[in-house]
Amino acid sequence: MSKTEMISTTPVKNKSRKIKTKRNTVWISVTSVILFLITWELISYYKLINPLFISSPIKIVEAATTLFADPKYWQHLGVSAYEFSLGFILAMAIGIPLGIFAGWNRIFNSIISPFVSALYVTPKVALLPIIIIAFGIGVASKIVVVFLMAFFPIVMSAQKAMSTLDQNLIKAARSFTASEFQIFKTIALPSTVPFLLNGIRLGLGQGLIAIVVGEMYASTAGIGYHLTHAGQNLKTAEMFVGVVVIAVSGVILTGVIGLIEKRFSSWKPE
């Protein structure tokens, strides 16, 4: 085989090896989940743990079938989805430009950094009573909680993105008489995309936590409210249905963000 043929076949071999490795990892993940569910079912069947504390996968599926046939449960899901979506969209709409501008402008960064740092480390659960008093037990208070939980990872990721800009690239652009706006548009903004997507992914997880905690604390509808109601009535299987719904929603949303993040990973500065 000639040297040219060896070079041309190398990428094909590497690609097939990556595909094979990916398939193997997928099968390992699937197998581990199946074994976990079987173990869980056996533990429940032989009552190794009090059934009051843990249900079984089969009973959870039966409870899910009943709940999803009930229009009221879909109303709870709709309320939670609305609260989460609006709160998270507000967090992105405000957090992304605020974080980018703070990372770009040192004076503005110095002004907001003490507040961002203080509120970031403050447990948002501690603010729930104040939020409930100010906004009531309706939809508005849950939107505020989701906003606060998702806002800070997004802001801080945007700030971090701006601090990792290639200064040599910026100097080269300035040497060619590029304006600050041109540098910001063509160099700074593209470099922030991978970091922003990572912050959005972190914010998604925080937002899902917020919606459940907020609805469990004080609410009249939503998945968190249903979890509390099921727990008070000792309906363990229904509680696990709510947990699974939240978990699956988180996996799907973070998976979508992960795919988008992978698409822009080449933009991330080394």
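The structure displayed is predicted, hence computed values, not measured ones.

Chemist: Can you walk me through the overall build of the chain in this structure?
Modeler: Per the secondary structure count, the chain includes ten helices and zero strands. Counting helices and strands in the order they occur from the N terminus, the chain gives α-α-α-α-α-α-α-α-α-α. A buried classification covers 33% of the 270 residues belonging to the chain. A separation of at least 24 residues holds for 75% of the contacts in the chain among residues at least 6 apart in sequence.

Chemist: Sorry if this is basic, but what is going on with the environment of Ile211 here?
Modeler: Following the sequence through the fold, Ile211 ends up in helix H8 (residues 180-217). For Ile211, a relative accessible area of 2% corresponds to the buried category. Between the C-alpha atom of Ile211 and that of Ile246, which follows or precedes it by 35 residues, the distance is 9.8 Å. Residues contacting Ile211, with those up to four places away along its chain left out, are Ser80, Glu83, Phe84, Lys142 and Val146.

Chemist: Before we go on, may I ask you to explain the nonpolar core in this structure?
Modeler: Inside soluble globular proteins, nonpolar side chains tend to come together where they are buried. Ranked by internal contacts, the top residues of the largest apolar core, which has 41 residues, are Tyr73, Phe88 and Val241. Elements supplying a minimum of two residues to this core: helix H2 (57-68), helix H3 (71-104), helix H4 (106-121), helix H5 (128-135), helix H6 (139-163), H8, helix H9 (223-232) and helix H10 (236-263). In terms of residues, this core owes the most to one element, H6, which gives eleven residues. Excluding anything up to four places from it in sequence, Phe88 contacts Val146, Ala150, Ile154, Ile200, Gly203 and Leu204. Counting ten residues, the second-largest nonpolar core is a separate cluster that includes Leu165, Ile170, Ala173 and Ile187.

Chemist: I tried to follow the UniProt feature "transmembrane region" (unreviewed entry) in the chain on my own but got confused; where do I start?
Modeler: Listed under "transmembrane region" (unreviewed entry) in the UniProt record, and renumbered for this structure, are residues 25-46, 81-105, 125-152, 207-227 and 239-260. A distance of 15 Å separates the end C-alpha atoms of residues 125-152, which is 79% helix and 0% strand.

Chemist: Would you explain unusual backbone geometry in this entry?
Modeler: Generally, phi is negative for residues other than glycine and the peptide bonds are trans, each holding for most cases. Even without a glycine there, the phi angle at Leu234 is positive, about 55 degrees. Along the chain, the position of Leu234 falls in the loop between H9 and H10.

Chemist: Mind showing me how you'd approach the packing of H3 against H6 here?
Modeler: For any two helices packed against each other, one specifies the crossing angle of their axes together with the interaxial distance. Running from N to C, H3 and H6 cross one another at 30 degrees; their axes reach a closest spacing of 6 Å. Considering their axes alone, H3 and H6 lie roughly parallel with respect to each other. In terms of crossing hand, the pair formed by H3 and H6 is right-handed. Partitioning the contact of H3 with H6 into residue classes produces 23 nonpolar, five polar and two charged.

Chemist: Where do I start with H3 in this structure?
Modeler: Note: α-helices contain 3.6 residues per turn, so residues at a spacing of three or four share the same orientation. Taking 1.5 Å per residue, 34 residues should reach 50 Å; H3 reaches 49 Å between its end C-alpha atoms and fits that length. Within H3, the axis deviates most sharply at Gly95, by approximately 25 degrees, and proline Pro97 lies no more than four positions further along. Where H3 begins, the side chain of Asp70 points an oxygen toward the backbone nitrogen of Lys72, at a separation of 3.1 Å.

Chemist: Teacher, can you tell me more about the side chain of Gln159 here?
Modeler: Of note, Gln159 is situated in helix H6. For Gln159, a relative accessible area of 15% translates into the label buried. The contacts of Gln159, once residues within four sequence positions are left out, are Gly99, Ala102, Gly103, Asn109, Ile112, Ser113 and Val116.

Chemist: Before we go on, may I ask you to explain the environment of Phe152 in this structure?
Modeler: Position of Phe152 relative to the elements: it lies in helix H6. Under the relative-accessibility criterion, Phe152 is labelled buried at 3%. Sequence separation between Phe152 and Val121 is 31 residues, and the spatial gap between their C-alpha atoms is 9.6 Å. In contact with Phe152, not counting residues within four places along its chain, are Val116, Leu119, Tyr120 and Lys124.

Chemist: Teacher, can you tell me more about the packing of H3 against H9 here?
Modeler: Look at H3 against H9: their axes get within 7 Å of each other, and the N-to-C directions meet at 130 degrees. Relative to H9, H3 is oriented oblique. Touching Tyr73, His76, Leu77 and Ser80 of H3 are Ile223, Tyr225 and His226, all from H9. The class makeup of the residues in the contact of H3 with H9 is four nonpolar, three polar and no charged.

Chemist: How should H2 be read in this particular structure?
Modeler: Over its twelve residues, H2 runs 16 Å from end to end, which matches the ideal 16 Å to within 8%, given 1.5 Å per residue. Among all positions of H2, only Pro57, Ile60, Ala63, Ala64 and Leu67 are buried. Viewed along the axis of H2, the buried residues span an arc of 120 degrees, placing them on a single side of the element. Counted as exposed and oriented over 90 degrees from the buried face of H2: Val61, Thr65 and Thr66.

What counts, and at which threshold
Residues numbered from 1 in each chain as written. Predicted model: local features only at pLDDT ≥ 70, side-chain atom pairs only at ≥ 80, totals over all residues. Heavy atoms only, no water. Helix = DSSP H or I, 4+ residues; strand = E, 2+ residues; numbered from the N terminus. Buried < 20%, exposed > 50% of the residue type's maximum accessible area, 1.4 Å probe, protein only. Contact = heavy atoms within 4.5 Å. Core = buried A, V, L, I, M, F, W, Y, C linked by side-chain atoms within 4.5 Å. UniProt positions renumbered as here; feature names shortened; annotations may be inferred. Axes fitted to C-alpha atoms, helices over the stretch in contact; angles between N-to-C directions. Parallel < 35°, antiparallel > 145°, perpendicular 65-115°, else oblique. Left-handed = near helix turned anticlockwise from the far one by under 90°. Nonpolar A, V, L, I, M, F, W, Y, C, P; charged D, E, K, R; others polar. Expected span 1.5 Å × (residues − 1). Bend = angle between axes of the 7 residues up to and from the residue. Polar contact = N/O pair within 3.5 Å; in protein donor to acceptor, adjacent residues only side chain to side chain. Arc of directions from axis to C-beta.

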